[in-house]
Amino acid sequence: MAATASTSVMVGRAAERGVLDDLLRAVAQGAGAAVFVEGEAGIGKTRVVQECADTSRGLGVTVLVGSARPFETTRPFGAVSDALELRGGSADPARAAVARLLRGDGGTRASDPDMRHRVVDEIVDLVEELTGAGPVLLILEDLHWADDSTVLVCRALLDRVADLPLLLVGTLRPSPRSAGLDSLLETVTARGRDILRLGPLSDHDIAALVHAEAGAADGSDAEVLVRRAGGNPLWVVEILRALASEELLGARSDNPAAPSGALPDSFRQLVLRRLRYLPDATLRVLPMAAVLGDSFTLVDLATVTGRRAGELLDELAPALLAELLSERGPRLAFRHQLVHDAIYQDIPLAGRVALHQDAARVLAGAGAPLAQIAAHVMRGSSAGDLQAVAWLRAAALEALPQAPSVAIDILDYAQGLLPVQSSEHDLCTAELVEALLRAGRVAECASRAEAALVTTTHPEARAALRLSLLSALSLQNRAEDLIAQAQAALDARPALSDAQQALVLAQSSYGRTFGGDLLGGEADARAALELAERAEDTSTTVWSLTTLSFAVKTQGRYAEAVELTERAARAAVDGPDKQGRLRHPHFFLGMALCDADRMAEARDTYRKGVRECADLGSSWILPDIQQLTGELHFLTGEWDDALAEIEAGLGAARNQGNQVPIAQSLAYLAVIATARGDLKKARATLAPLQGQLDADSPPYGMEAVAYAVAVLAEAEGDPAAAFDVLRRFWAVDGERQCRRFDRLLAPPLVRIALAHDERAVASHVVGDLAETVRLAAEVPGLRAVLLRCRGMLDGDPEAALAAVDLAGTGSRVLEDAGACEDAAATLVACGRPAEAQPLLVRSLERYEALAATTWVARARSNLRSLGVRQGVRGPRQRPSHGWASLTTTERTVASLVADGLTNREVAARLFISPHTVNTHLRHVFQKLEVSSRVGLSAKVLRQGEYPG
C-alpha cells in the first residue's frame, strides 16, 4: 500500500503491480495463475490487491474478495465463505448447497467421515462453475489468520489454477503463520508460483506519498516526522492525519510550535491520540465494536449493547468520517487491523475479559452460531470455568465434520482451562485426538493419543482414544503398534460394546495382515465378523467381511475373497442406512476381482466405488481406489491412464495422511519410468522407500517396490542386485504365506536365477508357485505364470507356448509380453528360432504400445540376434505431442471439457474422480501445448472435430 483509500493516486509498487497486471491479462485470456503477497502489517498488501481488482474489472474479470479475521478463527472456511457469498438463503442453488454443508444441514452427521474434504470439493466445483462464465479474480486477504480449512481450499485451488481462468491472490504477513500455511507456501515455491514480498517504500516514494496525501511542501515538519515510519505507508498516513487533526501540517521543522517530538513513536498511541477528537458517544461504542472483532455487523453490535442499530450508526458516523472505520460489504470494519488493535488493547485486560463474557452470553441468548460464541468464550474465560468448557466442547463438536482444524483450536484452549487430573480433561483430550485424526494430522494424533493413554483414567475417554489411535496407526501402516494397541483395547473389554470390539478386531486384522501374520489376521477378522453379526451392526459387519476378504486374498484364495466382498456389498446396499456403504465394499470387491483376473468387472466395480464416494460425500478410501485403479491400468497396458490415477491418488493420500497406498503407487511409477528410459526419475521415485525396503520386517506392498527395484537394476546392467532383492522378498512372502505378489515376482526371479546358475532357487520358486495355483486354479493368469516358469526351468518349449496361449486370453499386457519373450528364449535354446521370431515381434508390439523404449530396445536386440534386419519395422509407439499422443480417456476428457463441462461433471460422466480428471487435463495441456481450458477448446475447434 502506498496510499489510503482517500488518496486517488497509487504511489510506488510498480514492479509488483506489473506482475499482477501480467497475470491478470493472462487470466483474461483463459490461463490460470496464483500469487501470494507477503508483507508486514500496513506495508500495502491490501492496496496492491485493490489496484489489481480495479484493473481486473476493466478486463471483464469477475472479482471475489474475502478476508480472514483474527477474532473469527473459529469460523470454518471464513474467508472463502465471504468471497463466494456462501449463504443458506442464496438464490444460487450451488452456493446455498455449500452453505448447508457448512451448517451441517442436509442429513450430515458428525460421524460422517471426510466432511471437510467434501466441503472443499464442493467449493472448488463452485469456483470452477464461476470460471465457466468468465475469468475470475479470487482475493483471500490476511491468510495468516485463516483456519486450516481455508488453507486447504487454497491448496486445492492451487492444484486447479493451471486449467481454469482463475487468478488466486492471497495476502499474508510473515508471522504468525500456521504449519498448514507454511506448507502451502512451500508448495507454492516448489511449483514456481509467485510470492511477492513487499518491503518498505523508498524515500522517494514516501515523499510522493506525503505530497499526495497532504500536499505538504518539501522541508515541512511532516517529512521529518514520517521518517520514523520506516517506509510503512500506513503509519505515514496515520502521522499525516494526526498532524492534520492538530493543525500542524505545513509547519516547518524549525518552527518551535511544531517540534519533531510532537507525535508519539508508537502507532498505537498515535491512533489513540486521534480518538481524542471524537465525540464521547463514539468513544463509548468503539471499544464494544472492537471486542466484536476487526469487522462487525450493526445487528451483532446492537445485540450485545442492547441498543437500536440506527442509534449506533449515528454514534459511529464520526469514526467513519475520520476513516477509522469503513464499510466492507454488509459489515463495518476498522480501517486496518492495527487501528483495531490499538483501540482493543487500550481496554484494560479485565475489561476485555468481562466484555467478551457479556458478548458470549448475549449472543448465545440470541441464538448466534456456536463458533461465533466460542470466539468470545475463549477470550472471556479463565482456568476452571466449566461452563466455558461446555460451550467450547459443543462448538468443537459442531465444527468437527467440516473444519476439524477449528475444532482442534477450540478443544486445545478448552483443555487448558481444565485440571489435568479430571474426567472433563480426559474427555476433552479424546475429542482433541479425534479432531487431529479428522484434520489429517495423523502422526500428531497418534503421538497425542499414546501419551494421553498413559495418564487418562476415564473409561469412555480411554475407549475413544484407543479407537482414534487404531485408525491413525492403520493409516500410518504401523502394523506392530496397531496390533499391540488393538490388544490393549480388547483387554479393556468392559468398556467396549460388541460392535466396538468388532471394529477393534477388524483393525487388528489389518495390522496382522499388513505385518505378515496372515493366519492371525484371518482369525481376528472372523472373530470380528461374529461379534458384528451378533450386534446386528451393518457397518461393522461390512467392515469385518472386507477385512476378512483382504486376509484371505493375500493368502491367494481369490474365489473366497470375491464371495466375501460380494456378500459385503449386498449387506451395505440392503442395509437400513448408508453407514454400511461408508465402508466402501465395492473397493474391496474390485480388488478381489482384479486378483481373480476378472479385469472388466474390476474396472466397473472401481468406477462404482468412485461414484459411491461422490454420492456419500466420503473420500477416505479414494486414494486407495485410485492406486488400485492405476494398478489395473498398469497391468492392462493403459499406462497414461495409470499415471493419471496414480498421481491423483498420491496427492490425495498425502493430503489425508494415508501412507498405505503410497509405496505401491511409487513402485508402478518407477517401473513405467524405467521402461520408458528415464532411469534417473525411477531412482528418485524409489529413493524414499529404501528404508522400508531394507527393514527386517518390510511392510505389506513392498513386494511391488522390490519388483520395481529389480526392473531398474536390470535396466542399469546389474542383474545380481535384481536377483538379491527378488530372492529376499520371495523368502519373506514364503514365511508369511503371502501369495498375492507371486505372479509379479516369480517370472523375473526364475529367469535371473537360471542365468546365474541358481537352479535350486528357480526350482523352489516353481514349487511354491504350484501351490499358489492349486489354491486359485480358476485364475487363468496364474496358470499361465506357472507354465511360463516351468518352461524356463525345464527348457520345455511346449509348456512355454502353452503359457503364451493362456496369457493371451487375458488382458494383462506385461504378462503376455513377458510370456512371449521367455518362450522365445526357450525356443531358441531348443533350436527352434523360426518359432521364436513371431513371439518377439508380438512382445515388441506390446512394448511399443506402452512407449516402453527400454524394453523395445531389448526386444529389437533379440530380434537382431535371430537375423531380423534392423529397420525392417518402423516404430509404432504413440507420439509424445499432438492429438495422436492422447489416450482414449484423454481424448474423451478433452472433448467433454471443450463442451463446457466442469471437472465434477466430467468425472460423473466417466465414473472417475475429479482429481483424476484434473490430472488427465494436465497431461492433455502438456501434450497439446495449451495452458488453459480456453486454449484447449480453441484447439479442438480448429481441429474440426471433438476427439473422443
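Here goes a summary of the coordinates provided. (Residues numbered from 1 in each chain as written. Predicted model: local features only at pLDDT ≥ 70, side-chain atom pairs only at ≥ 80, totals over all residues. Heavy atoms only, no water.)

### With respect to the packing of helix α40 (residues 797-808) against helix α41 (residues 813-829)
Here's step 1: Following both chains from N to C, one finds α40 and α41 inclined at 160°, their axes separated by 9 Å at the closest point. As far as their axial angle goes, α41 and α40 are roughly antiparallel. For the element pair α40 and α41, the recorded crossing hand is left-handed. Judged by residue contacts, Pro797, Ala800, Leu801, Ala803, Val804, Ala807 and Gly808 of α40 engage Glu815, Asp816, Ala819, Cys820, Ala823, Thr826 and Leu827 from α41. (Axes fitted to C-alpha atoms, helices over the stretch in contact; angles between N-to-C directions. Helix = DSSP H or I, 4+ residues; strand = E, 2+ residues; numbered from the N terminus. Parallel < 35°, antiparallel > 145°, perpendicular 65-115°, else oblique. Left-handed = near helix turned anticlockwise from the far one by under 90°. Contact = heavy atoms within 4.5 Å.)

### Regarding the sheet that holds strand β7 (residues 325-328)
Here's step 1: Pairing is antiparallel in the open sheet, where three strands are placed in the order β6-β8-β7. The sheet terminates laterally at β6 (295-296) and β7, the two strands that pair on one side only.
Here's step 2: Summarising the sheet, β7 and strand β8 (residues 331-334) pair through four bridges and their orientation is antiparallel. Among the inter-strand pairings, Glu327 is bridged to a residue of β8, identified as Leu332. (Pairing = 2+ DSSP bridges.)

### As for the environment of Gly134
Here's step 1: By the element assignment, Gly134 lies in the loop between α5 (115-132) and β3 (136-141).
Here's step 2: The class for Gly134 is buried, based on a relative accessible area of 18%.
Here's step 3: Along the backbone, Gly134 and Gly192 are 58 residues apart, and their C-alpha atoms lie at a distance of 25 Å. (Buried < 20%, exposed > 50% of the residue type's maximum accessible area, 1.4 Å probe, protein only.)

### Examining the side chain of Asn918
Here's step 1: Inspection of the secondary structure assignment puts Asn918 in helix α46 (residues 914-928).
Here's step 2: For Asn918, a relative accessible area of 9% corresponds to the buried category.
Here's step 3: In this structure the side chain of Asn918 is engaged in a polar contact, spanning 2.9 Å, whose partner is the backbone oxygen of Asp159.
Here's step 4: Aside from chain neighbours lying at most four places away, what touches Asn918 is Asp159, Arg160, Asp163 and Asn903. (Polar contact = N/O pair within 3.5 Å; in protein donor to acceptor, adjacent residues only side chain to side chain.)

### Topic: the pairing of β8
Here's step 1: Covered by surrounding structure in β8 are Arg331 and Ala333 together with Leu332 and Phe334, the residues of both alternating faces.
Here's step 2: Both β6 and β8 contribute to a ladder of two bridges, which runs antiparallel. By the bridge assignment, Ser295 is partnered in β8 with Ala333.
Here's step 3: The hairpin formed by β7 and β8 contains two residues between the paired strands, and Gly329 there has a positive phi angle of roughly 65°.

### A look at the side chain of Gln626
Here's step 1: Tracing the backbone shows Gln626 in helix α30 (residues 622-635).
Here's step 2: Discounting residues that sit within four places of it in the chain, Gln626 has contacts with Glu645, Ile646, Ala648, Gly649, Ala652, Ser913, His915 and Thr916.

### Observations concerning the sheet that holds strand β4 (residues 166-172)
Here's step 1: With parallel pairing, the five strands of this open sheet are ordered in space as β2-β3-β4-β1-β5. Each edge of the open sheet is held by one strand with a lone partner, namely β2 (62-67) and β5 (194-197). Neighbour-to-neighbour, the strand axes of the sheet open up by a mean angle of 15°, direction not taken into account.
Here's step 2: Pairing geometry for β2 and β3, over six bridges, is parallel. What sits directly across from Val63, in β3, is Leu137.
Here's step 3: Along the sheet, helix α6 (residues 148-158) makes contact with β1 (33-38), β3 and β4, crossing β4 at roughly 145°.

### As for helix α45 (residues 903-910)
Here's step 1: Among the residues of α45, those classed as buried are Asn903, Val906, Ala907 and Leu910. Down the axis of α45, the smallest arc covering the buried residues is 100°, so these residues share one side. Opposite its buried face, α45 presents the exposed residues Ala908 and Arg909, each directed more than 90 degrees away.
Here's step 2: Positioned one or two residues after α45, Phe911 has a phi angle of 60°, which is positive. (Arc of directions from axis to C-beta.)

### Looking at helix α26 (residues 538-554)
Here's step 1: Compared with the 24 Å implied by 1.5 Å per residue over 17 residues, the 24 Å span of α26 between its first and last C-alpha is a close match.
Here's step 2: Within α26, 16 of the 17 residues are buried, leaving the element largely enclosed by the surrounding structure.
Here's step 3: At the N-terminal boundary of α26, the capping side chain belongs to Asp537, with an oxygen 3.2 Å from the backbone nitrogen of Ser539.
Here's step 4: The positive-phi residue at the C-terminal boundary of α26 is Gly556, with phi of around 95°. (Expected span 1.5 Å × (residues − 1).)

### Looking at unusual backbone geometry
Here's step 1: Positive phi, normally seen in glycine, also occurs at Glu85, with a value near 55°.
Here's step 2: For Glu85, the location among the structural elements is in the loop between α3 (78-84) and α4 (93-103).
Here's step 3: Look at Glu85 and you get partly exposed, because its relative accessible area is 42%.
Here's step 4: Its identity is not glycine, yet Asp142 carries a phi of approximately 55°, on the positive side.

### Focus on the packing of aromatic side chains
Here's step 1: All chains considered together, the criterion is met by 14 aromatic pairs.
Here's step 2: Between Phe550 and Tyr700, the aromatic rings sit 5.3 Å apart at their centres with planes inclined by 65°, giving edge-to-face as the arrangement. Placement of Phe550 in helix α26 and of Tyr700 in the loop between α34 (690-694) and α35 (702-715) is noted, with a sequence separation of 150 residues between them.
Here's step 3: The class for Phe550 is buried, based on a relative accessible area of 5%.
Here's step 4: Looking at Tyr700, the relative accessible area reads 8%, which means it is buried.
Here's step 5: On the numbers, 6.0 Å between centres and 70° between planes, the contact of Trp639 with Trp855 is edge-to-face. A residue pair is termed long-range when its members are at least 10 positions apart, and Trp639 in helix α31 (residues 639-656) and Trp855 in helix α43 (residues 853-865) qualify at 216 residues.
Here's step 6: Residue class for Trp855 comes out buried when judged on its relative accessible area of 8%.
Here's step 7: Each member of the aromatic cluster is reached from another via a ring pair, and the members are Tyr510, Phe514, Trp543, Phe550, Phe587, Phe588, Tyr700 and Phe741.
Here's step 8: One residue, Arg352, lies across the ring of Tyr344, its end atom 5.1 Å from the ring centre.
Here's step 9: Taking the ring centre of Trp543 as reference, the NZ or CZ of Arg583 above it sits at 4.8 Å. (Phe/Tyr/Trp six-rings, centres within 6.5 Å; stacked < 30°, edge-to-face > 60°. Lys NZ or Arg CZ within 6 Å of the ring centre and 35° of its normal.)

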